[in-house]
Amino acid sequence: MRTRCKAAACALMLCAPAATAHATPQPEGELRHPRLVVTIVIDQFGSDLFNQYRPVFTGGLRRLADEGVVYANGYQTHGMTETCPGHSTVLTGVHPNRTGIAANDWLDRATGEEIYCLAAPENRLADGGQGENGPVGPDNLRASGFGDWLKAASPGSRVFAVSGKDRGAINLAGSHADGTFWWADGFGFTTYLRPGEEAADRLRPVSALNATLQARMETRPALWEPMSGRCAALAGDWPIGDGVLHSTVPPQRLVVDTSPVLDELTVEAAIALLRDQGLGRGSATDLLGVSLSGTDRIAHRYGSQGPEMCQQLLRMDAALGRLVEALSEVPETLVVLTADHGGSDFAERLEARGYPEAGRMDPGVMARLNAAVRDRFHLGFDALKADGSNIYVMGDDGTVPDQLRREVASAVAGMLRVEPGVIDAFTIDELLATPSAARNIHPDLLGLRERIALSTSPVRSADVIFALEPGMTPFPGAAGGYVAGHGTPWDYDRRVPIVFWTRGQTGQERTLPVRTVDIAPTLAHAAGLAAPPDLDGRCLGLAPLARPCAGEGAGTDR
């Protein structure tokens, strides 16, 4: 396993992977290296949504798809498809079992307390608050990324990332970025502060934008446009749990983070950074990461097949059109667009539309499992704690003897396998012992255990991880709360678009599967960097967008 040292405690080169990335000479007659690499990750934008709305996009998504190299069958190869793990694969070139980001959260085995994937207790937030997830930073990442490689090869490279979520920005920016920003209601775009850093210094790249946004938000602008056209036809009422979801626009919950405005603000910030920082105008390659969180927030609250998602996608497409137009001002820009995971609609609407297998996990499962474990192992306490599809074996004080933990985990996995709606369950020991998937195997051919093993990290992963049958969700569902989710090992959650674009090229469709871990080595090759040699991904041939891949392990057009 690779280890990382904290940025505050070690020099840049010491934190680099075993083989430090370095710039390689530009062969005479080859295409120039990009001066700017832009990585766009759309949260919960699976290939299903991309293909469904592709014919009606007219903005940035239409232009990227028409003019770019389009892999409509990209994959997040791993099985636990959540935001933090998915983002961690995009610019590191390795799966979550090696990035160390096994899930959005995990439980501390010593205390039983929840740990956020990017928790950094020594840090502070620049806006002075606690944010959604407390103090954060890149400390938990165990793999370096493209931005870190750029900085190691050419310290003059500038690296910025912006998102609606902290985990979207931090995973793309890496450990040595010049600016890492995400949206904070009532403040604008915030960032993290390492010990000794001052808020004014770290916020300087977005301070003018924040002042403008604060003045705008004080006027309480409308978050949704009137419902019309194709979006209006999707409205309806859906009984969920004990309530009814009134699927309409505007929805009842009027806040920025579950509206199309969240992505529009993020794109506005990306354009401001592009222009104010002069990205792509220097002699070294710069990186701009843009993670759009609105699709995920809206899908969780309202599902993916209603008027809310329809308006979200059309407005996000228009916002991306503004970004692509701004990028046209910068020669030699290479853009890649993908997603951290896919998703599915809420079970009630799926069932009504011809998917009888859609359903929700029995909420009584954990009570039955705890009762069975108490009886079988003669325990005086409930030893199981659940988080989605993850189950931890813990005592009242957070600890259980290791041998007992293993025995309980094995028993629980067996009990889960006969539960209705559960297709299989594995202990952490079984998953860690699973041979790593070959680099050249198509991601759609991986078995269930192999998929989940790529999400499994020692210490951070749960004692038992189970998978529900396709169409089932662990979310109980409540109108007014979360109604739909993701996180499964099935292709509707794993399959994502991957699109590469440069200005002035002719579009090209590629149908065979590739993986998000292939993005980082592809970008490194295009930028003339020698990526670390032990990546899970491989270089994709992007001719004519970039020079052909070459060298040991290089891939070809697929």
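Note: the structure precedes this text.
Report follows, based on the coordinates. Only a predicted model underlies this, so the values are computations on that prediction, with no experimental measurement involved.

**Examining the packing of helix H9 (residues 207-217) against helix H11 (residues 261-276)**
Logical step 1: Running from N to C, H9 and H11 point in directions that differ by 150°, and their axes come no closer than 11 Å. What the angle tells us is that H9 and H11 run roughly antiparallel. Relative to H11, the crossing made by H9 is right-handed. In this structure, H9 uses Leu-209, Leu-213, Arg-216 and Met-217 to contact H11, whose residues at the interface are Val-261, Leu-265, Glu-268, Ala-269 and Ala-272.
Logical step 2: Grouping the amino acids of the contact of H9 with H11 by side-chain chemistry returns seven nonpolar, no polar and two charged.

**Comments concerning empty space enclosed by the protein**
To locate leftover empty space, one rolls a probe as large as a water molecule over the atoms.
Logical step 1: Applying the stated rule across the entire model yields five cavities of 30 Å³ or more.
Logical step 2: Considering only enclosed or pocket space, the largest cavity measures out at about 110 Å³ in volume.
Logical step 3: Taken together, 14 residues line the largest cavity, and the ones lying closest to its centre are Ser-344, Asp-345, Met-472, Thr-473 and Gly-485.
Logical step 4: Of all the secondary structure elements, the ones that give two or more residues to the lining of the largest cavity are helix H14 (347-352), strand S19 (472-473) and helix H19 (491-494).
Logical step 5: Considered class by class, the residues forming the lining of the largest cavity number six nonpolar, six polar and two charged.

**Quick look at the layout of surface pockets**
Logical step 1: By volume, the largest pocket is sized at about 660 Å³.
Logical step 2: Lining the largest pocket are 30 residues; nearest its centre among them are Glu-82, Asn-104, Asp-105, Asp-387 and Phe-475.
Logical step 3: Counting residues per element, the ones that place at least two in the lining of the largest pocket are strand S4 (114-116), helix H12 (294-302) and strand S18 (464-468).
Logical step 4: Within the lining of the largest pocket, the residues separate by chemical class into 11 nonpolar, 10 polar and nine charged.

**Here we look at the nonpolar core**
Logical step 1: Within the largest apolar cluster, 69 residues are counted, with the highest numbers of intra-cluster contacts made by Ile-40, Ile-42, Phe-45, Phe-189, Leu-288 and Leu-320.
Logical step 2: In contact with Phe-45, other than residues within four places in its own chain, are Phe-50, Phe-57, Leu-61, Leu-313, Met-316, Ala-339, His-341, Val-496 and Pro-497.
Logical step 3: Met-394, Ile-465, Trp-490 and Ala-524 belong to the second largest nonpolar core, which has 61 residues in total.

**Structural notes on the pairing of strand S7 (residues 179-184)**
Logical step 1: Buried residues dominate S7, accounting for six of its six residues.
Logical step 2: Across the two faces of S7 the burial is the same, with Gly-179, Phe-181 and Trp-183 and Thr-180, Trp-182 and Ala-184 all buried.
Logical step 3: When strand S6 (residues 159-163) meets S7, the two strands line up parallel, connected through four bridges. Opposite Ser-163, over in S7, you have Trp-182 as the bridge partner.
Logical step 4: Assessed by its sense of winding, the connection that carries the chain from S6 through helix H7 (residues 166-173) to S7 is right-handed.
Logical step 5: With three bridges joining them, S7 and strand S8 (residues 188-190) adopt antiparallel strand pairing. If you follow Trp-183 over to S8, its bridge partner there is Phe-189.

**Re the state of the cysteines**
Logical step 1: Inspection of every chain in the model, using the stated rule, returns three disulfides.
Logical step 2: Disulfide partner of Cys-84: Cys-117, at an S-S distance of 2.2 Å. When the S-S torsion is 90°, as for the bridge of Cys-84 with Cys-117, the disulfide is right-handed. Here Cys-84 is found in helix H4 (residues 83-90), whereas its partner Cys-117 is found in the loop between S4 and strand S5 (124-125), with 33 residues between them in sequence.
Logical step 3: Take Cys-84: its relative accessible area is 0%, and that puts it in the buried class.
Logical step 4: One disulfide in the model links Cys-231 with Cys-310; its S-S distance is 2.1 Å. Across the disulfide from Cys-231 to Cys-310, rotation about the S-S bond amounts to roughly -75°, and the bridge is consequently left-handed. Remark: Cys-310 occurs in helix H13 (residues 307-327) and Cys-231 occurs in helix H10 (residues 229-232); sequence separation between them is 79 residues. The burial state of Cys-231 is the same as that of Cys-310; both residues are buried.

The rules we used
Residues numbered from 1 in each chain as written. Predicted model: local features only at pLDDT ≥ 70, side-chain atom pairs only at ≥ 80, totals over all residues. Heavy atoms only, no water. Axes fitted to C-alpha atoms, helices over the stretch in contact; angles between N-to-C directions. Helix = DSSP H or I, 4+ residues; strand = E, 2+ residues; numbered from the N terminus. Parallel < 35°, antiparallel > 145°, perpendicular 65-115°, else oblique. Left-handed = near helix turned anticlockwise from the far one by under 90°. Contact = heavy atoms within 4.5 Å. Nonpolar A, V, L, I, M, F, W, Y, C, P; charged D, E, K, R; others polar. 1 Å grid on protein atoms, 1.4 Å probe; cavity = no way out; pocket = protein on both sides within 12 Å on 5 of 7 lines; lining within 4 Å. Points joined across faces, edges and corners; volume = space filled by probe spheres on them. Core = buried A, V, L, I, M, F, W, Y, C linked by side-chain atoms within 4.5 Å. Buried < 20%, exposed > 50% of the residue type's maximum accessible area, 1.4 Å probe, protein only. Pairing = 2+ DSSP bridges. Right-handed = clockwise from strand over helix to strand, strands pointing away. Disulfide = S-S within 2.5 Å.

Structural measurements only, silent on function.
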